[in-house]
Amino acid sequence: MKKIVVVDYGMGNLRSVAQALRAVAPEAEVLISGEIADLKQAERIVLPGQGAMPDCMKSLEESGLKDALMESARSKPIFGVCVGEQMLFDWSEEGDTKGLGLLPGKVIRFQLDSQRQEDGSRYKVPQMGWNQVRQNQPHPLWNGIADKSFFYFVHSFYAVPEHARHMVGETEYGTPFCSAIACDNIFATQFHPEKSADVGLQLYKNFIHWNP
Amino acid sequence: MLTKRIIPCLDVTAGRVVKGVNFVELKDAGDPVEIARRYNDQGADELTFLDITASSDQRDLILNIIEDVSSQVFIPLTVGGGVRTVEDVRRLLNAGADKVSINTSAVTNPQLVADASSRYGSQCIVVAIDAKQVSPGRWEIFTHGGRNATGLEVIEWAKKMAQLGAGEILLTSMDKDGTKSGFDLELTRAVSDAVNIPVIASGGVGNLQHLADGVQEGHADAVLAASIFHYGEYTVQQAKKFMSERNIPVRL
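- In the nomenclature of an unreviewed UniProt entry, chain B is known as Imidazole glycerol phosphate synthase subunit HisF of Oxalobacter formigenes OXCC13.

- Chain A is annotated in an unreviewed UniProt entry as Imidazole glycerol phosphate synthase subunit HisH of Oxalobacter formigenes OXCC13.
- Per UniProt, chain A has the following entry under Pathway (unreviewed entry): "Amino-acid biosynthesis; L-histidine biosynthesis; L-histidine from 5-phospho-alpha-D-ribose 1-diphosphate: step 5/9."

1. Quick notes on the interface of chain A and chain B
Alright, step 1. Taken together, the contact pairs 37 residues of chain A with 41 residues of chain B.
Alright, step 2. For the pair chain A and chain B, the summed buried area comes to about 3,100 Å², and 51% of that belongs to carbon and sulfur atoms.
Alright, step 3. Three residues stand out in chain A for area buried against chain B, namely Lys 124, Met 128 and Trp 130 of chain A, and they jointly supply 24% of the buried area on that side.
Alright, step 4. Between chain A and chain B we count two salt bridges in total.

2. Comments concerning the nonpolar core
Alright, step 1. With 78 residues, the main nonpolar core has Leu 47, Phe 49, Ile 129 and Leu 211 of chain B as its most contacted residues.
Alright, step 2. Residues within four places of Phe 49 of chain B in sequence aside, it is in contact with Leu 10, Val 12, Pro 32, Ala 36, Ile 62, Ile 65, Ile 66, Val 69, Leu 77, Thr 78, Val 79 and Gly 80 of chain B.
Alright, step 3. Counting residues in hydrophobic clusters, the runner-up holds 73 residues, among them Val 5, Cys 178, Tyr 204 and Phe 207 of chain A.

3. Structural notes on the UniProt feature "active site" (unreviewed entry) in chain B
Residues and elements named next belong to chain B.
Alright, step 1. As recorded in UniProt, the feature "active site" (unreviewed entry) lies at Asp 11 and Asp 130.
Alright, step 2. Asp 11 has contacts with Arg 16, Val 17, Val 18, Lys 19, Leu 50 and Ile 52, leaving out every residue within four places of it along the chain.
Alright, step 3. Assignment of secondary structure puts Asp 130 in strand E7 (residues 125–135).
Alright, step 4. The residues touching Asp 130, leaving out its near neighbours within four places in the chain, are Asn 103, Glu 140, Ile 141, Phe 142, Thr 172 and Met 174.
Alright, step 5. Among the polar contacts made by the side chain of Asp 130, one reaches the side chain of Asn 103 at a distance of 3.2 Å.

4. Considerations on the pairing of strand E12 (residues 175–183) of chain A
Residues and elements named next belong to chain A.
Alright, step 1. Burial runs high along E12: seven of the nine residues are buried.
Alright, step 2. Counted along the chain from strand E11 (residues 167–173) to the antiparallel partner E12, the turn is one residue long, and its residue Gly 174 has a positive phi close to 75°.
Alright, step 3. Taken together, the four bridges between E12 and strand E13 (residues 186–189) define a ladder with antiparallel strand orientation. Considered in E13, the bridge of Cys 183 is made with Ile 186.
Alright, step 4. Here E12 folds back onto E13, and the loop between the two strands holds two residues, one of which, Asp 184, carries a positive phi near 50°.

5. Remarks on the side chain of Ser 202 of chain B
Alright, step 1. Secondary-structure assignment places Ser 202 of chain B in strand E11 (residues 199–202).
Alright, step 2. The contact partners of Ser 202 of chain B, leaving out residues within four places of it in the chain, are Leu 170, Leu 171, Thr 172, Ser 173, Phe 183 and Leu 224 of chain B.

6. Section: the confidence of the model for chain B
Alright, step 1. Of the residues in chain B, 95% have a pLDDT of 70 or more, and the chain-wide mean is 91.
Alright, step 2. Per the prediction output, this complex has pTM 0.94; the corresponding ipTM is 0.92.

7. Overview of the packing of helix H6 (residues 154–164) of chain B against helix H7 (residues 185–194) of chain B
Residues and elements named next belong to chain B.
Alright, step 1. With their axes 9 Å apart at the nearest point, H6 and H7 run at an angle of 35° to one another. For the crossing formed where H6 meets H7, the hand is right-handed. Taken together, the residues of H7 that come into contact with H6 (itself represented by Val 154, Ile 155, Ala 158 and Lys 159) are Leu 187, Ala 190, Val 191 and Ala 194.
Alright, step 2. Of the residues belonging to the contact of H6 with H7, the class tally is seven nonpolar, no polar and one charged.

8. What to know about the packing of helix H3 (residues 86–95) of chain B against helix H5 (residues 111–120) of chain B
Residue and element names in this part refer to chain B.
Alright, step 1. Running from amino to carboxyl end, H3 crosses H5 at an angle of 40°, the nearest separation of the two axes being 9 Å. Classified by the angle their axes make, H3 and H5 are oblique. Considering how the two elements wind past one another, H3 and H5 form a crossing that is right-handed. Within the contact between the two elements, H3 uses Val 86, Val 89, Arg 90 and Leu 93 and H5 uses Leu 112, Asp 115, Ala 116 and Tyr 120.
Alright, step 2. Of the residues that constitute the contact of H3 with H5, the class distribution is six nonpolar, no polar and two charged.

9. What to know about helix H1 (residues 15–24) of chain A
Alright, step 1. The buried count for H1 of chain A comes to seven of 10 residues, which makes it a mostly enclosed element.
Alright, step 2. All of the buried residues in H1 of chain A are Ser 16, Val 17, Ala 18, Gln 19, Ala 20, Leu 21 and Val 24 of chain A.
Alright, step 3. Of the surrounding secondary structure, the elements contacted by the buried residues of H1 of chain A are strand E1 (3–7), strand E2 (29–33), strand E3 (44–47) and helix H6 (197–208) of chain A together with helix H2 (60–70) of chain B.

10. Digging into the pairing of strand E1 (residues 5–13) of chain B
All names here are of chain B.
Alright, step 1. Burial analysis of E1 places nine of its nine residues in the buried class, the great majority of the element.
Alright, step 2. In E1, alternate side chains face the same way, and those of Arg 5, Ile 7, Cys 9, Asp 11 and Thr 13 on one face and Ile 6, Pro 8, Leu 10 and Val 12 on the other are all buried.
Alright, step 3. Across four bridges, E1 lies against strand E12 (residues 222–225) in parallel orientation. Bridge assignment links Pro 8 to a residue of E12, and that residue is Ala 225.

11. Remarks on the UniProt feature "active site" (unreviewed entry) in chain A
Residues and elements named next belong to chain A.
Alright, step 1. According to UniProt, the positions carrying the feature "active site" (unreviewed entry) are Cys 82, His 192 and Glu 194. These annotated residues cover 113 residues of sequence, and their C-alpha atoms all fall within 11.1 Å of one another, placing them together at a single site.
Alright, step 2. Structurally, Cys 82 is set in the loop between strand E4 (78–81) and helix H5 (83–86).
Alright, step 3. Cys 82 sits in the buried class, given a relative accessible area of 5%.
Alright, step 4. Those residues in contact with Cys 82 that lie beyond four places of it in its chain are Gly 49, Val 154, Thr 189, Gln 190, Phe 191 and His 192.
Alright, step 5. Tracing the chain through its elements places His 192 in the loop between E13 and H6.
Alright, step 6. On the accessibility criterion, His 192 (9% relative accessible area) is buried.
Alright, step 7. The residues contacting His 192, other than those within four sequence positions of it, are Val 81, Cys 82, Tyr 152 and Val 154.

Rules and cut-offs
Residues numbered from 1 in each chain as written. Chains lettered and ligands numbered in written order. Predicted model: local features only at pLDDT ≥ 70, side-chain atom pairs only at ≥ 80, totals over all residues. Heavy atoms only, no water. UniProt positions renumbered as here; feature names shortened; annotations may be inferred. Contact = heavy atoms within 4.5 Å. Buried area = accessible area lost by both parts, 1.4 Å probe. Salt bridge = Lys/Arg side-chain N within 4 Å of Asp/Glu carboxyl O. Core = buried A, V, L, I, M, F, W, Y, C linked by side-chain atoms within 4.5 Å. Buried < 20%, exposed > 50% of the residue type's maximum accessible area, 1.4 Å probe, protein only. Helix = DSSP H or I, 4+ residues; strand = E, 2+ residues; numbered from the N terminus. Polar contact = N/O pair within 3.5 Å; in protein donor to acceptor, adjacent residues only side chain to side chain. Pairing = 2+ DSSP bridges. pLDDT = per-residue confidence, 0-100. Axes fitted to C-alpha atoms, helices over the stretch in contact; angles between N-to-C directions. Left-handed = near helix turned anticlockwise from the far one by under 90°. Nonpolar A, V, L, I, M, F, W, Y, C, P; charged D, E, K, R; others polar. Parallel < 35°, antiparallel > 145°, perpendicular 65-115°, else oblique.

As structure tokens, this is what we get:
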């Protein structure tokens, strides 16, 4: 039986991620775990994240999960979500925080104070709600998902990958930004697939069956 | 482009969805999971559950409801009603809520907003404000279902909540709630223009034009309604189509 581990490092709500994975992979064992042994045994790993990146990184380091995660990242399929995506990069502007460095690039905050939306209203930060993702590169995880589908976002920071070839999804909020990234066995999204209804579930389903 | 959200609101007591006018004459509106699933199928962008249970023995029922709903419906869920401590926030998030709405306790203990948002992140802390107009251009906060005046001015309060770490404001007009005469647009616009976080307009929706007005006149980022959806007057789909025809970006 496939073992999928949702990494529990004490931050945020992991339940909804696990629920969505269970819904699309009833045959798999979906485990919310902060045990190094479970990470080692996992076939694939989901790294969620909520809240502030400095706190998330600190929890990962203090729990000793960082090393296990880095080791897994060499070979296993990994899916990063939201702050779990941001942590994969080298560095974040949020609290001047060093990331895991699995993806070259940085994480910065929306600077939209001086801009107005098309209807004249101001841009709110966090961006909260449903926005479109343009699939600017083909990827097996996009299978069965229409280009420009809507996904659910909640975030104030976003990733800027160093290499354009890693960006597989792009979204517009005052500025175009990278909303999905892929590199070898890693796929990560700024949006929340577990809260994006059918298209989100499809993305997780594709991840379950992905063999990079 | 970020779309404007339509959020059906479900009042829950003793494990059932109910609807009343100004908290009296509650009528049974159905099973929470069934209703949640129906709204999800209609394209609702989020769901809000308000626990209006008075008795604390029945309080845990909302946790069971959220657990059931979150295992079957994969859109954001906000839960409010009787949230007093960081521990309450934790329990709701663990049950499957994505956001927790804090109302009276934000007034009696603003530190709760700061503590909860620093622990769980601003993205999951919604501050609910019940506002009543006291003079032209001035609204004040009321608690306990509109019975208790606090003397706090709404716009300053909303700014303060954003500063303390609220990720969103759920703004209800006590004057309009239950009247079906539309949102208090002046209030909604004043608050939405004053803060940098999203504002959900609530209270008074009677038809689809009211929803469109909330966004276009009130500058709301999201609109919340209960009865027009519960009793099948309109579907969420109809609401979205209506808004889309008026050039409001929505997820169709």
